[in-house]
Amino acid sequence: MRIDRMNRTNMRGASPENDPNSADQADIQADPAVSRRSIARREFSGLLAMMAGLAAFPRMAEAAPQPKFAAPRPFSWDTLVQTARAAAGKPWTAPTTSPHAVKDFDAVGKLTYGQAQALGGNVRLFPTAQGTSPHAVKLHLVENGAARELVDARGLFVGGRQADPAGFRVMTADQHSDWMAYLGASYFRASGSRDQYGLSARGIAIDTALPKAEEFPAFTAFWIENLGGDHVRIHALLDGPSLTGAYAFDCRKSAAGVTQDVRTALFFRRDIERLGAAPITSMFWYDQSDSAKRADWRPEIHDSDGLALWSGNGERIWVPLANPSVNRTNALRADHVKAFGLLQRDQAFDHYQDDGAFYDRRPSLWIEPQGDWGAGTVMLYRMPTDAETQDNIAAFWVSDEPAKAGGSREYAYRLTWTSQDPSAAAGAARCVDSWQGRAGRPGDTPTTQEARKFVFDFEGGALKGLGRDSGVTAVTNLPPQALLHSAAYPVAGQEGRWRVTLDVKPAAVPAPEFRLYIKRGEQALSETVIQGVQP
């Protein structure tokens, strides 16, 4: 089963008042055999959701226990890569449960909320917990090319109690907020530009969306280097049954959000059927597009509302997210991919009406490969859900080159966590809203009970100043027998906003989805929307 994301309402950014103590569509398929566990956020989701928004606290009194460190040892990227390569040549050993793992969330809170020291001045720790994050990680502080391992964490948890670290969060320079956290398997996340956590990233995805159990390798050790201000460099060692890996994250926080320049070297212990690079995990329950899926009084509930892709041939694609009736996988051809990500374009509070979880503030995550990743696909995996506490969306890039035992692979990419739309191209129109309903003219008798109306709103500089007589048309790949009616026109009183309406007979659509964009003459004015027609 999938571990639910607990206490999602406690997800706002940290502040003192929040302290409780104070490309082309290559393949799409339904795969009901895939386990619902496939893209669980697992222990990361529950604990981090609960811990997000912790405030800073004053240091312990002088008599409090002090953390202890081993003697410094030289450390570098090259030594970490050597460690990962050597480990791949040995059999994997399952991690043991921490003897100090606490029993429940209340115990986690007592160790985390309150007065405790910060590791290196800006890092607070999460304790191990039974059932959610039972495995301790090794932590090191790096300074001037030397690393000191933390060997006794007392003083770093509330009350000086004995506990083992399962992960950590990075505090702002003023200690008023945490802006990045690592916890559980290879999961991590950042708060973005609006001081709000939402979707997550992972180090790697193995066999996601296949009819077999997914593998969750874990970061087992971290090396943390405080570079001053809101700038930290993190190295991590990844270990799992199928591979090992060395990771470097150069992380910066600014008013525009959080950027992480990531470098990784992977070493394969055995063949891997599906290796997903730069994976993202998110949640989509429902939005305004289909009122039949709405089960809560709030108008919309989701961390992300679409997948954006900038393909190597320059095409920009938008795939609106949906909560499917069965597991579905899209494979979008993305040779020499320029960028992709899961975005939260809709940021209007009144569209969500949630003043606890603040879905309007959830950040987008944009991934930009550094260098040419070659031939491959961006995969989008969606599972059905009936609650906001379950992650049901994953996206990642898969190379055409198979991952074979004894082989290795390197990736470099930038992660941008922001509330701006990083996919926006100069002038190109974006799909900013979509709806579905019965076909026909409003107020008239429905054209046919078997037809659906799809409505898409586009905004962008390319549309400004254009009117009904400007020759703007909607282009789809729908066959004539499936497309009953189409129209494209400017929305009255909304400069630069155009609406496309399509009456579609789903039974006559030869594929599970269709493509749409708007053009003027031979010039495309918008990104391409890929819209599913199956429930």
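Heads up: the structure comes first, above all this text.
Here is a short report on the structure shown in this document.

Calculation notes
- Residues numbered from 1 in each chain as written.
- Predicted model: local features only at pLDDT ≥ 70, side-chain atom pairs only at ≥ 80, totals over all residues.
- Heavy atoms only, no water.
- Helix = DSSP H or I, 4+ residues; strand = E, 2+ residues; numbered from the N terminus.
- Buried < 20%, exposed > 50% of the residue type's maximum accessible area, 1.4 Å probe, protein only.
- Polar contact = N/O pair within 3.5 Å; in protein donor to acceptor, adjacent residues only side chain to side chain.
- Contact = heavy atoms within 4.5 Å.
- Phe/Tyr/Trp six-rings, centres within 6.5 Å; stacked < 30°, edge-to-face > 60°.
- Lys NZ or Arg CZ within 6 Å of the ring centre and 35° of its normal.
- Salt bridge = Lys/Arg side-chain N within 4 Å of Asp/Glu carboxyl O.
- Pairing = 2+ DSSP bridges.
- Axes fitted to C-alpha atoms, helices over the stretch in contact; angles between N-to-C directions.

Turning our attention to the side chain of Arg 269. Take Arg 269: it is sitting in the loop between strand 15 (257–268) and strand 16 (275–282). Accessibility expressed as a relative area gives 18% for Arg 269, which makes it buried. A polar contact is formed between the side chain of Arg 269 and the backbone oxygen of Lys 90, at a distance of 2.8 Å. Only 2.6 Å separates the side chain of Arg 269 from the backbone oxygen of Gly 240, close enough to count as a polar contact. With residues up to four places along the chain from it excluded, the contact list for Arg 269 reads Ala 87, Ala 88, Lys 90, Pro 91, Trp 92, Asp 239, Gly 240, Pro 241, Ser 242, Leu 243, Thr 244 and Ala 405.

Turning next to the packing of aromatic side chains. Summed over the entire model, instances satisfying the criterion amount to 21 aromatic pairs. Seen in terms of ring centroids, Trp 373 and Tyr 413 are 5.8 Å apart; in terms of plane orientation they differ by 90°. Their pairing is edge-to-face. In this pair, Trp 373 is assigned in the loop between strand 23 (364–369) and strand 24 (376–382) and Tyr 413 in strand 26 (residues 408–418), connecting sequence segments 40 residues apart. The same class applies to Trp 373 and to Tyr 413, which are both buried. Seen from their ring centres, Phe 454 and Phe 514 are 5.4 Å apart, and the 80° between their planes marks the pair as edge-to-face. Placement of the pair is Phe 454 in strand 28 (residues 452–459) and Phe 514 in strand 32 (residues 513–520), with a sequence separation of 60 residues. Taking the relative accessible area as the measure of exposure, Phe 454 reaches 1% and is therefore buried. Through successive ring pairs, a cluster of aromatic residues spans Phe 168, Tyr 182, Phe 188, Phe 219, Phe 222, Tyr 247, Phe 249 and Trp 417. Lying over the aromatic face of Phe 69, Arg 148 brings its terminal NZ or CZ to 4.6 Å of the ring centre. Taking the ring centre of Phe 126 as reference, the NZ or CZ of Arg 169 above it sits at 5.9 Å.

Applying the stated criterion across every chain yields a total of 28 salt bridges. In this structure, Arg 362 engages Asp 303 in a salt bridge whose closest nitrogen and oxygen atoms are separated by 2.6 Å. One end of the pair, Arg 362, is in the loop between strand 22 (339–343) and strand 23; the other, Asp 303, is in the loop between strand 18 (301–302) and strand 19 (306–310), and 59 residues separate them in sequence. Asp 303 carries the same exposure label as Arg 362, and that label is buried. Between Arg 345 and Asp 421 there is a salt bridge, with the nearest N and O atoms lying 3.0 Å from each other. Here Asp 421 lies in the loop between strand 26 and strand 27 (430–438) and Arg 345 lies in the loop between strand 22 and strand 23, a separation of 76 residues in the sequence.

Our focus in this paragraph is the sheet that holds strand 30 (residues 483–490). Strands sit in the order 27-28-31-30 across an open sheet of four strands; the sheet is antiparallel. Where the open sheet ends on each side, the last strands, each with one partner, are strand 27 and strand 30. Direction aside, the axes of adjacent strands within the sheet are offset by 15° on average. Pairing of strand 30 with strand 31 (residues 497–504) involves seven bridges; the strand directions are antiparallel. Residue Pro 490 lies in a different strand from strand 31, and its bridge partner there is Trp 498.

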